[in-house]
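The residues making up each chain are set out below.
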Amino acid sequence: MSAAVYDLSIHQLRTFLEVARTGNLTKAANRLGYAQSSVTVHIRTLERRLGVRLFHRHSQGVRLTAEGESVISHASRLFEVIDDMVRSVGSSEPVRGRVAIGGPAVLTSYYLGPLLRKCHQVYPELRLSTRTLRPSDIEKTVRTGEVDLGFVLTEDCGDEQLHNGPLHWRTLCAVDFVAVSTNKAGARVDDVVLVDDPECVAQQVMAREFRRRFGRPLPSLEVGSIASAVDSLRDDTNVAFVPYVAVKDKIDRGKLSIVSHFPSAHVHARAIWRAETTNTPALAAVVRHAVEVLADPIADLVTVAPTCALATAG
């Protein structure tokens, strides 16, 4: 084995993992706080020392080569070992306290369960509470301290848009919304679309795209909850626009069909919290596990250090 391999830098590997997660050198640089030229140098140096090409370049960014996919697996395990080392020499004091969490119905009902179970398993003395909030209230309740950690939906999948302000954030998993119907023959564009909350960013994306595609406003009806939207699909003239996770089982069993000519929406969940609470052990623990449990498939391969790579929002 070449001696150059033993000169691999943790910084280069961390840069590699961030570029793999974002698929974009500029986004990775912003998240890491580096100049883009530094990111380029890190990747080129890593490729030279490993003797392989890690990324294919294209007009929108980069994608992993087969060799890059292999390196991701090994680099991720390396960071797991580093995390274990940090935890083993860190404070033996148990994480305790209370963290209040707020978010929209789609996240509190379908996405946060695994996070709550993980935290309960790892930190039995940590108390978590959740509140379902309207999208317009989430950031406000975080700013005022009514909740410690908010989860919001956003069209933006990056963390680099804003860098100064009272809130910190971390972008997590993608959340897909689809139009479904009991009518296997397909829905008409003048069918009423049942929605649970017009404030939901996914439903705003759908309404915008519907107008662009069909040249008319979306004929929608607010029914109050995701479950109500699905349960109201007894009439073949109705369509429900709901998170895919809420109807996947019914689609798999043939009870519902995706209305393919209606727009769908691909948005992202984001965790937000007050800057002054960033280093609170209880909150830091929940955020760390939120990244681990709710991250995108590519991000699942990246073990986030206990301090997290934090971006900030204004």
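A. A look at the overall build of the protein chain. Of regular secondary structure, the protein chain possesses 11 helices and 12 strands. Out of the 314 residues in the protein chain, the part that is buried amounts to 47%. Taking the intrachain contacts of the protein chain between residues at least 6 apart in sequence as the baseline, contacts between residues at least 24 apart amount to 78%. Of the roughly 15400 Å² of accessible surface on the protein chain, a fraction of 51% belongs to carbon and sulfur atoms.

B. Representation of the packing of aromatic side chains. All chains considered together, the criterion is met by five aromatic pairs. Aromatic pair phenylalanine 210 and phenylalanine 214: ring centres 4.7 Å apart, planes at 55°, arrangement tilted. Taken together, the residues phenylalanine 210 and phenylalanine 214, both in helix 8 (residues 201-214) and four residues apart, mark about one turn of the helix. With centroids separated by 5.7 Å and ring planes inclined at 70°, the aromatic side chains of phenylalanine 210 and phenylalanine 262 adopt a geometry described as edge-to-face. One end of the pair, phenylalanine 210, is in helix 8; the other, phenylalanine 262, is in the loop between strand 10 (257-258) and strand 11 (265-274), and 52 residues separate them in sequence. Its relative accessible area of 0% is what places phenylalanine 210 among the buried residues. By relative accessible area, phenylalanine 262 is classed as buried at 3%. Each member of the aromatic cluster is reached from another via a ring pair, and the members are Phe210, Phe214 and Phe262. Looking at arginine 270, its charged tip hangs above the ring of tryptophan 169, at a distance of 3.8 Å from the centre.

C. The arrangement of the side chain of aspartate 196 in detail. Mapped onto the fold, aspartate 196 is located in the loop between strand 7 (192-195) and helix 8. A distance of 2.6 Å separates polar atoms of two side chains, one belonging to aspartate 196 and the other to glutamine 203. If we ignore the near neighbours within four places in the chain, the residues touching aspartate 196 are Gln203, Glu222, Gly224, Ser225 and Ile226.

D. Just the pairing of strand 7, in detail. Strand direction decides the pairing type here: strand 7 and strand 9 (residues 238-243), joined by three bridges, are parallel. In the sheet register, leucine 194 faces strand 9, and the bridge partner there is alanine 240. Relative to strand 8 (residues 220-222), strand 7 runs parallel, the two sharing three bridges. Among the inter-strand pairings, leucine 194 is bridged to a residue of strand 8, identified as leucine 221. Handedness of the crossover is the feature at issue here: the chain leaves strand 7, passes through helix 8, returns alongside strand 8, and the resulting connection is right-handed.

E. View of the packing of helix 2 (residues 25-32) against helix 3 (residues 36-50). Following both chains from N to C, one finds helix 2 and helix 3 inclined at 105°, their axes separated by 8 Å at the closest point. Considering the angle they form, helix 2 stands roughly perpendicular to helix 3. Across the interface between the two elements, Leu25, Thr26 and Ala29 of helix 2 pack against Gln36, Val39 and Thr40 of helix 3. A breakdown of the residues in the contact of helix 2 with helix 3 according to their chemical character gives three nonpolar, three polar and no charged.

F. Highlighting helix 7 (residues 135-144). Where helix 7 is concerned, the buried positions are Ile138, Thr141 and Val142. For helix 7, the arc enclosing every buried residue in end-on projection is 100°, short of the 170-degree limit, so these residues lie on one face. Along its buried surface, helix 7 packs onto strand 3 (97-103), strand 5 (149-154), strand 6 (167-181) and strand 11. Downstream of helix 7 by a residue or two, glycine 145 has a phi angle that is positive, lying close to 85°.

G. Focus on the environment of leucine 50. Here leucine 50 is to be found in helix 3. For leucine 50, a relative accessible area of 30% gives the class partly exposed. Measuring from C-alpha to C-alpha, the distance between leucine 50 and valine 71 comes to 9.5 Å, with 21 residues separating the pair along the chain. Among all residues touching leucine 50, those that are not within four sequence positions of it are Leu8 and Val71.

H. Up close: the nonpolar core. Grouped together as the largest cluster of nonpolar side chains are 58 residues, with contacts concentrated most on Leu149, Phe151, Leu153, Val175, Phe177, Val180 and Phe241. Ranked by residue count, the leading element in this core is helix 11 (residues 281-294), at eight residues. In this structure, leucine 153 is in contact with Pro104, Val106, Leu107, Val175, Phe177, Cys200, Val201, Val267, His268 and Ala269, ignoring residues within four places of it in sequence. Phe16, Leu17, Val19 and Phe79 belong to the second-largest nonpolar core, a separate cluster that totals 19 residues.

I. Structural detail: the packing of helix 6 (residues 113-122) against helix 11. Following both chains from N to C, one finds helix 6 and helix 11 inclined at 130°, their axes separated by 10 Å at the closest point. In terms of orientation, helix 6 and helix 11 fall into the oblique class. For the pair helix 6 and helix 11, the sense of crossing is right-handed. The residues of helix 11 that touch helix 6, namely those facing Pro114, Leu115, Lys118, Cys119 and Val122, are Val286, His289, Ala290 and Val293. When grouped by side-chain class, the residues that make up the contact of helix 6 with helix 11 number seven nonpolar, one polar and one charged.

Parameters at a glance
- Residues numbered from 1 in each chain as written.
- Predicted model: local features only at pLDDT ≥ 70, side-chain atom pairs only at ≥ 80, totals over all residues.
- Heavy atoms only, no water.
- Helix = DSSP H or I, 4+ residues; strand = E, 2+ residues; numbered from the N terminus.
- Buried < 20%, exposed > 50% of the residue type's maximum accessible area, 1.4 Å probe, protein only.
- Contact = heavy atoms within 4.5 Å.
- Areas by Shrake-Rupley, 256 points an atom, 1.4 Å probe, with all protein chains shown as cover.
- Phe/Tyr/Trp six-rings, centres within 6.5 Å; stacked < 30°, edge-to-face > 60°.
- Lys NZ or Arg CZ within 6 Å of the ring centre and 35° of its normal.
- Polar contact = N/O pair within 3.5 Å; in protein donor to acceptor, adjacent residues only side chain to side chain.
- Pairing = 2+ DSSP bridges.
- Right-handed = clockwise from strand over helix to strand, strands pointing away.
- Axes fitted to C-alpha atoms, helices over the stretch in contact; angles between N-to-C directions.
- Parallel < 35°, antiparallel > 145°, perpendicular 65-115°, else oblique.
- Nonpolar A, V, L, I, M, F, W, Y, C, P; charged D, E, K, R; others polar.
- Arc of directions from axis to C-beta.
- Core = buried A, V, L, I, M, F, W, Y, C linked by side-chain atoms within 4.5 Å.
- Left-handed = near helix turned anticlockwise from the far one by under 90°.

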